[in-house]
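These are the residues of each chain, in order.
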Amino acid sequence: MNTQDKVKINKLPTGVPGLDEIVGGGLPEFSFNIIAGAPGSGKTTLAHQFVFANATPERPALYFTVLGESAIKMLRYQQQYTFFDPAMLPGSIRFINLSQVVLEKDLGAVLLQITKEVEKSNPAVVVVDSFRTMIRKPESDLDLQSFIQGLALFLASWQATTFLIGEYAEEELHDNPIFTVADGLFWLRQTAERNSIVRKLQIIKLRGQDSVPGLHTFRITDAGVQAFSRTFGLTGHAKNPPSHRRLCFGIPELDKMLGGGVREGDSVLVAGSSGTGKSVLATQFIAEGIRHGEPGIVAVFEERPQAYAERAVSLGLDLETPQKDGKLKILYLRPLDLSVDETMHSILDAVQKIGAKRLVIDSLAGFEMALSPGFRADFRESLYRMIFALTGIGVTILSTVEVDESFTEFPFSTYSISFLTDDIIRLRYVSIDGQLRKIMVVIKMRGGNHAKDIREYEITSKGVVILGERLTNYQGLISGIPVHSDRSDSTEEPPLDTGIERKT
Amino acid sequence: MTAAPGMRDLAHRLLTYEAGAAKTSEPMESPSLRVYEKLRQSLGEFVGVVGFQSLASRALTLARPEAPSLSAARVTSDGSLQALGEIETQIDMDKDRAGEGGIILIARLLGLLRSFLGEALTLSLLRNAWPSEAFDDRNSVHGRKA
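Cut-off values and rules
Residues numbered from 1 in each chain as written. Chains lettered and ligands numbered in written order. Predicted model: local features only at pLDDT ≥ 70, side-chain atom pairs only at ≥ 80, totals over all residues. Helix = DSSP H or I, 4+ residues; strand = E, 2+ residues; numbered from the N terminus. Buried ≥ 20, exposed ≤ 12 C-beta atoms within 10 Å, placed from the backbone. Contact = placed C-beta atoms within 7 Å. Domains from an automatic or database assignment. pLDDT = per-residue confidence, 0-100. Pairing = 2+ DSSP bridges. Axes fitted to C-alpha atoms, helices over the stretch in contact; angles between N-to-C directions. Parallel < 35°, antiparallel > 145°, perpendicular 65-115°, else oblique. Left-handed = near helix turned anticlockwise from the far one by under 90°. Nonpolar A, V, L, I, M, F, W, Y, C, P; charged D, E, K, R; others polar. Expected span 1.5 Å × (residues − 1). Core = buried A, V, L, I, M, F, W, Y, C linked by C-beta atoms within 7 Å.

Another point: the overall build of chain A. Within chain A, the secondary structure is distributed over 16 helices and 24 strands. For chain A, the residues scored as buried account for 46% of the 504 residues in total. A separation of at least 24 residues holds for 72% of the contacts in chain A among residues at least 6 apart in sequence.

Taken together, the 15 residues of chain B in the interface contact 15 residues of chain A. Those elements that provide at least two residues to the side of chain B that touches chain A are helix H2 (31–63), helix H4 (95–117) and helix H5 (119–129) of chain B. For the side of chain B that touches chain A, the element with the most residues is H2(B), which contributes seven residues.

A separate point is the domain arrangement of chain A. Under the domain assignment, chain A is made up of domain 1 (11–228) and domain 2 (246–484). Each of domain 1 of chain A and domain 2 of chain A has a C-alpha centre, and these two points are 46 Å apart.

Take the confidence of the model for chain A next. Residue and element names in this part refer to chain A. Predicted confidence across chain A gives a mean pLDDT of 86, with 87% of residues reaching 70 or more. Taking the mean pLDDT of every element in chain A, the minimum, 70, falls on helix H15 (residues 373–376) and the maximum, 97, on helix H2 (residues 43–54). Segment residues 493–504: pLDDT under 50, and 27 contacts once partners within four positions in sequence are set aside and those in other chains are kept.

Residue and element names in this part refer to chain A. Overall, mixed pairing links the nine strands, which are arranged E16-E15-E17-E18-E14-E19-E20-E21-E22 in an open sheet. A strand with exactly one partner marks an edge of an open sheet, and here the two such strands are strand E16 (328–332) and strand E22 (463–467). When the angles between neighbouring strand axes are averaged without regard to direction, this sheet yields 25 degrees. Sheet analysis places strand E21 (residues 454–460) next to E22, joined by five bridges and oriented antiparallel. Within the sheet, the bridge partner assigned to Glu 458 lies in E22 and is Val 465.

Residues and elements named next belong to chain B. Along the chain, Ala 63 falls in helix H2. Ala 63 gets classed as buried once you count the C-beta atoms within 10 Å, which come to 24. For the pair formed by Ala 63 and Arg 108, sequence separation is 45 residues and the distance between their alpha carbons is 6.4 Å. Here Ala 63 is in contact with Leu 70, Ile 104, Leu 105 and Arg 108, once residues within four sequence places are set aside.

Residues and elements named next belong to chain B. Here H2 crosses H5 at 115 degrees, and the two axes come no closer than 10 Å. Considering the angle they form, H2 stands roughly perpendicular to H5. Here the hand of the crossing between H2 and H5 comes out right-handed. Residues Lys 38, Leu 39, Ser 42 and Leu 43 of H2 pack against Leu 125, Asn 128 and Ala 129 of H5. Taken together, the residues of the contact of H2 with H5 break down into four nonpolar, two polar and one charged.

A word on the pairing of strand E15 (residues 296–300) of chain A. Residue and element names in this part refer to chain A. A large share of E15 lies buried, amounting to five of its five residues. Residues of E15 alternate between two faces, with Gly 296, Val 298 and Val 300 on one and Ile 297 and Ala 299 on the opposite face, all of them buried. Alignment of E15 against E16, held across five bridges, turns out to be parallel. Bridged to Val 298 within E16 is Ile 330. Looking at chain direction, E15 and strand E17 (residues 358–362) are connected through five bridges and run parallel. Its bridge partner lying in E17, Ile 297 is registered against Leu 359.

Working note: α-helix, 3.6 residues per turn, so residues spaced by three or four point in the same direction. All names here are of chain A. Under the 1.5 Å per step criterion, the end-to-end length of helix H13 (residues 340–354) is 21 Å for 15 residues, consistent within 8% with the ideal 21 Å. Those residues of H13 not exposed but buried are Val 340, Asp 341, Glu 342, Thr 343, Met 344, His 345, Ile 347, Leu 348, Ala 350 and Val 351. Phi for Gly 355, located one or two positions after H13, is positive at around 65 degrees.

Pairing between sheet strands relies on hydrogen bonds along the backbone, with the strands arranged either parallel or antiparallel. Residues and elements named next belong to chain A. If you walk across this open sheet you meet the nine strands as E5-E4-E6-E7-E3-E8-E9-E10-E11, and the pairing is mixed. Pairing within the sheet leaves two strands with one partner each, and these edge strands are strand E5 (93–97) and strand E11 (224–228). The average undirected angle you get between the axes of adjacent strands in this sheet is 25 degrees. Packed onto the sheet, helix H5 (residues 107–121) meets strand E4 (61–65), E5 and strand E6 (125–129) and runs at close to 160 degrees relative to E4.

Attention now moves to the nonpolar core. Generally speaking, soluble globular proteins have nonpolar side chains that are buried together. Ranked by internal contacts, the top residues of the largest apolar core, which has 103 residues, are A:Val51, A:Val127 and B:Ile106. Counting residues per element, this core draws most heavily on H2(B), which supplies 13 residues. If you look at the next biggest cluster of nonpolar residues, it comprises 70 residues, including A:Val198, A:Leu269, A:Ile425 and A:Val441.

Residues and elements named next belong to chain A. Pairing analysis gives ten bridges linking strand E8 (residues 184–193) to strand E9 (residues 196–206), with the strands arranged antiparallel. Each residue of the ladder has a partner; that of Gln 190, found in E9, is Arg 199. Of the pairings in the sheet, the one linking E9 to strand E10 (residues 215–221) comprises three bridges and is antiparallel in character. Bridge pairing links Gln 202 to Leu 215 in E10.

Written as structure tokens, this is what we have:
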């Protein structure tokens, strides 16, 4: 035995997708934990997932029920979840009802009963649900503290990982002895935001290891609780080194304006009003990537994948074949009550599945509308986390955003998110010679030089096509109401010296 | 509405098993009571005394119209069954009729469990109280699997 060796704390799987990452790899073995929250927040389901993930016939789980939801009803409902395996009862998971002893006797008798059952079964996991109902009877503070202390010491000594479940209000956090004794404190919250429910999980305390701080979204589905880490499951992922590769749109003049294309790992914003061709440009960006062997993801919020693919056909782009070949995934993220974290989870899943290099989010307005109202307030912050996480693993993101056309301003987006993007391409209508025509300009490219030209373009059966040379005979083009300046000087473009390797 | 055939069959198997076991251990106790007591012990652990008492009372209420011999039986506050054993012992001349009452009561209790917990979980819980041979098809009157 080396005196320098520190004890290694084993980490147990929580059985909750996404939660292992939040708690730093798993739940510390032999820890004494509290799951707190309001009724219906998913406390029991979370505990069941842990139990089903860890119980074995040799080291079973003891699930003590007290007052409140009857065990028979609890099992009736819990077995609807996919993680519930009836064959594990009662060999690996035993439910023991303590209501009689709680109602008729004192905390000492309750502790004795738990002790007896634990000594008999040698469990790896012990759950008391609901612990709160166990201590509702008037007891002196000393009795209560002594009970909690005794229970925690006993269960740890018997090498059991414990969950006490309770309905607690946040005001009770500061002067309740149970929270002092606990090694881990999981707080589940659910709030109604207008017409939808927002569920958040916080690890208030976890001894022995680092957990991801903050509030994490979670959802309860047929598979039980699923948590979405604020770090999007990318903790520990190495950040890709900056790339010098350029990714093209397949629109030669535009690629030239971009100095050879957008830099790999950039976040590109294509901003313009309705009908200016933002989605067309996005589709061409994805299709060009696929042509060069770079799988892509398109996250659409405003139309179904089928409609999106059909529209691409009208531009001469085949999105059906790459979908079949696993080179392209069009994600339709169901609207109205999503969190950014859930959306990100779906996108990341798809990115990892097909090894995507390009991602299109069409559009940010649709994305925002798809979110639960409660998450919209955090949209910019969430978007920042999402873009940072995805570009960090080398994915190039192109987002479209609709901006209100104004003849006095030239806004880049309605979200004030331009600081989140590396490159901005602005599309807009302009009134020229009695026609409503379209112009395009590269506003910003963080990774290098770009053309300053304002170019006219059209949307044809081949997609976006840039017309002629830069517009030199007009003043005030970006206002949308230019004045003909009658200049006829050279339209020759200044050479671009980006010093960056062109990919295509 | 009568007890479901599948539950009657299962109840019959358990009673048959207990009747066989009683020959060697406790010959004086009725098989119905032995099955009932085993259910009380194993289910009482997880649903609690009050939980089991409620289920058993409901089962008895459902069973009575089918088995008039159960009219005197009652479930006590601790969930145990009073009078069933006495009825079965008293009606010596008509053992089949008395045994039928026990089967119906147990079938109703198992039926309640199945409706609340589903077949898989009900069987898992029963398998904890009885060895696998208790569920053997050879003990089945209908030759059906439970």
